[in-house]
Amino acid sequence: MWMIGVRAVADTFGRVNRVEPVSLEELGRPRIDIVVNCSGVFRDLFINQMNLLDRAVKMVAELDEPAEQNYVRKHALEQAQALGIEVQEAATRVFSNASGSYSSNVNLAVENSSWNNEKQLQDMYLSRKSFAFDSDAPGAGMTEKRKVFEMALSTADATFQNLDSSEISLTDVSHYFDSDPTNLVEGPRKDGKKPNAYIADTTTANARVRTLSETVRLDARTKLLNPKWYEGMLSSGYEGVREIEKRLTNTVGWSATSGQVDNWVYEEANSTFIKDEEMLKRLMNTNPNSFRKLVQTFLEANGRGYWETSEENIEKLRQLYSEVEDKIEGIDR
């Protein structure tokens, strides 16, 4: 709320049910435009807070202030004119899934390798995450406002997500990249520029904001490529191999939605799990099905242009895929 320059106001019982604008003099800077896209779970649990945010943004859009000091109003006026709608509707900035719907399904497409290109993933995100909160119609449910959503995204210079649990990192689950619009924003922008992407690490008292690429690198070093982590996984046997495969798949997900995964992450993962013959045999013998998916994911990362490597590495992966297929089918050549 401080980005757009409003403060929460509590009633006599300490309940926050309204907001008020902070003056530009007190704020000391222009009001910054924002777009909020929350999960279906947050939509259900915090509907009052989301409606309060919607009310706050629309309040700011109607303030009689210079456009260069109020980017919410500036963009809302431009978008209202372009779409032929009222300023208040053009100022819609709080979105989620349709009522009763969850996820953008980008994660499912990545997990199942059932997508053709990044544009398809972006269309999935837009079609499922463009339903707006409306504080003027409480209880009416979510209304699809895709054109407003796309125009709001077209002015975004940065994307942001929050990590609030030390037990769940960027590649532990697929929900984080499922909600990531970094590559998506590049399309609606007139200059075709990819926004800066940031992750806030609030897992400790010393909260810190890092770039998404820095966070992905940190995550790879501490989990996927960390011997303590993958040996701990393998000590649990069958499920441990699946966890390793799942983490690599989620890494590909970040490549697909943000392009923020360095080539060395895939190269080091290949050296750790494929080039090491002893490790390769452990994975294949412990869980051949997950190992097959691991090999497939390496090949997919290369085929989609996310990992550049030697033809020797690719040929070995192809041979391994054939071998593990035979093992699963019980074929002895």
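Note that the coordinates shown come from a computational prediction; the quantities given were computed from them, not determined experimentally. (Residues numbered from 1 in each chain as written. Predicted model: local features only at pLDDT ≥ 70, side-chain atom pairs only at ≥ 80, totals over all residues. Heavy atoms only, no water.)

### Topic: the overall build of the protein chain
Regarding its fold elements, the protein chain presents 17 helices and nine strands. Taking the principal axes of its C-alpha atoms as reference, the protein chain extends roughly 75 × 40 × 35 Å. Per-residue burial for the protein chain yields a buried fraction of 46% across its 333 residues. The contacts in the protein chain between residues at least 6 apart in sequence include a share of 67% that link residues at least 24 apart. (Helix = DSSP H or I, 4+ residues; strand = E, 2+ residues; numbered from the N terminus. Buried < 20%, exposed > 50% of the residue type's maximum accessible area, 1.4 Å probe, protein only. Contact = heavy atoms within 4.5 Å.)

### Considering the packing of helix α14 (residues 263-275) against helix α17 (residues 311-329)
The contact between α14 and α17 brings their axes to 12 Å, and the two run at 45°. Judged by the angle between their axes, α14 and α17 are oblique. Crossing of α14 against α17: the hand is left-handed. Contacts between α14 and α17 involve Glu267, Asn270, Ile274 and Lys275 from the former and Asn313, Lys316, Leu317 and Leu320 from the latter. For the contact of α14 with α17, the residue count by class is three nonpolar, two polar and three charged. (Axes fitted to C-alpha atoms, helices over the stretch in contact; angles between N-to-C directions. Parallel < 35°, antiparallel > 145°, perpendicular 65-115°, else oblique. Left-handed = near helix turned anticlockwise from the far one by under 90°. Nonpolar A, V, L, I, M, F, W, Y, C, P; charged D, E, K, R; others polar.)

### A word on the pattern of salt bridges
Under the counting rule described, the total for this entry stands at 30 salt bridges. Its salt-bridge partner being Glu65, residue Arg31 comes within 2.8 Å of it at the nearest N-O pair. Highlighted residues: Arg31 in the loop between α1 (24-27) and β3 (36-37) and Glu65 in the loop between α3 (47-61) and α4 (71-83), separated in sequence by 34 residues. We classify Arg31 as buried; its relative accessible area is 1%. A salt bridge links Glu243 to Arg242; the nearest nitrogen and oxygen atoms lie 3.6 Å apart. (Salt bridge = Lys/Arg side-chain N within 4 Å of Asp/Glu carboxyl O.)

### Examining the environment of Arg43
As for its placement among the helices and strands, Arg43 is situated in helix α2 (residues 40-45). Sequence-wise, Arg43 and Ala132 are 89 residues apart; in three dimensions their C-alpha atoms are separated by 10 Å. Beyond its immediate sequence surroundings of up to four residues, Arg43 is in contact with Cys38, Ser96, Asn97, Ala98, Ser99, Gly100, Ser101, Tyr102, Phe133 and Met142. At 2.9 Å, the side chain of Arg43 and the side chain of Asp44 are in polar contact. Looking at Arg43, its side chain comes within polar contact range of the main-chain oxygen of Ser101, at 2.7 Å. (Polar contact = N/O pair within 3.5 Å; in protein donor to acceptor, adjacent residues only side chain to side chain.)

### Overview of the sheet that holds strand β7 (residues 158-163)
Within the open sheet, the three strands sit side by side as β7-β8-β9. Their pairing is mixed. With partners counted over all chains shown, the strands left at the sheet margins are β7 and β9 (208-211), one partner each. Neighbour to neighbour, the strand axes of the sheet diverge by 25° on average, direction disregarded. Note that β7 and strand β8 (residues 196-201) share six bridges and pair parallel. Its bridge partner being in β8, Asn162 is matched across the sheet by Ala200. (Pairing = 2+ DSSP bridges.)

### Let's talk about the side chain of Thr257
You can see Thr257 is positioned in helix α13 (residues 238-258). What Thr257 contacts, discounting residues up to four positions off in sequence, is Val106, Phe177, Asp180, Thr182 and Asn183.

### Observations regarding the pairing of β9
With four bridges joining them, β8 and β9 adopt antiparallel strand pairing. Following the sheet pairing, Tyr198 is matched in β9 by Thr211. Counted along the chain from β8 to the antiparallel partner β9, the turn is six residues long.

### Points about the confidence of the model for the protein chain
Of the residues in the protein chain, 99% have a pLDDT of 70 or more, and the chain-wide mean is 94. Element-level pLDDT for the protein chain is lowest in helix α10 (residues 182-186), with a mean of 90, against a maximum mean of 98 in α14. (pLDDT = per-residue confidence, 0-100.)

### Re the packing of helix α11 (residues 212-224) against α13
In contact at an axis separation of 12 Å, α11 and α13 are set at 170° when each is read in the N-to-C sense. Here α11 is positioned roughly antiparallel relative to α13, judged by the angle of their axes. Residue-level inspection shows Leu212, Asp219, Lys223 and Leu224 of α11 in contact with α13, the latter providing Ile244, Arg247, Leu248, Thr251, Trp254 and Ser258. Taken together, the residues that form the contact of α11 with α13 break down as five nonpolar, two polar and three charged.

### Thoughts on the environment of Gly100
The residue Gly100 is located in the loop between β4 (94-96) and α6 (106-111) in this model. As for Gly100 and Asp44, which are separated by 56 residues in sequence, their C-alpha atoms are 8.7 Å apart.

### A word on empty space enclosed by the protein
Scanning all chains against the criterion turns up two cavities of 30 Å³ or more. The calculated volume of the largest cavity comes to roughly 90 Å³. Lining the largest cavity we find Val106, Glu118, Leu121, Gln122, Tyr125, Asp180, Pro181, Asn183, Leu184, Ala256 and Thr257. Elements represented by at least two residues in the lining of the largest cavity include exactly α7 (118-128), α10 and α13. When the residues that make up the lining of the largest cavity are grouped by side-chain class, the tally is six nonpolar, three polar and two charged. What lines the second largest cavity is Thr171, Val216, Asp219, Ala220, Leu224, Thr251 and Val265. The leading source of residues in the lining of the second largest cavity is α11, at four residues. (1 Å grid on protein atoms, 1.4 Å probe; cavity = no way out; pocket = protein on both sides within 12 Å on 5 of 7 lines; lining within 4 Å. Points joined across faces, edges and corners; volume = space filled by probe spheres on them.)

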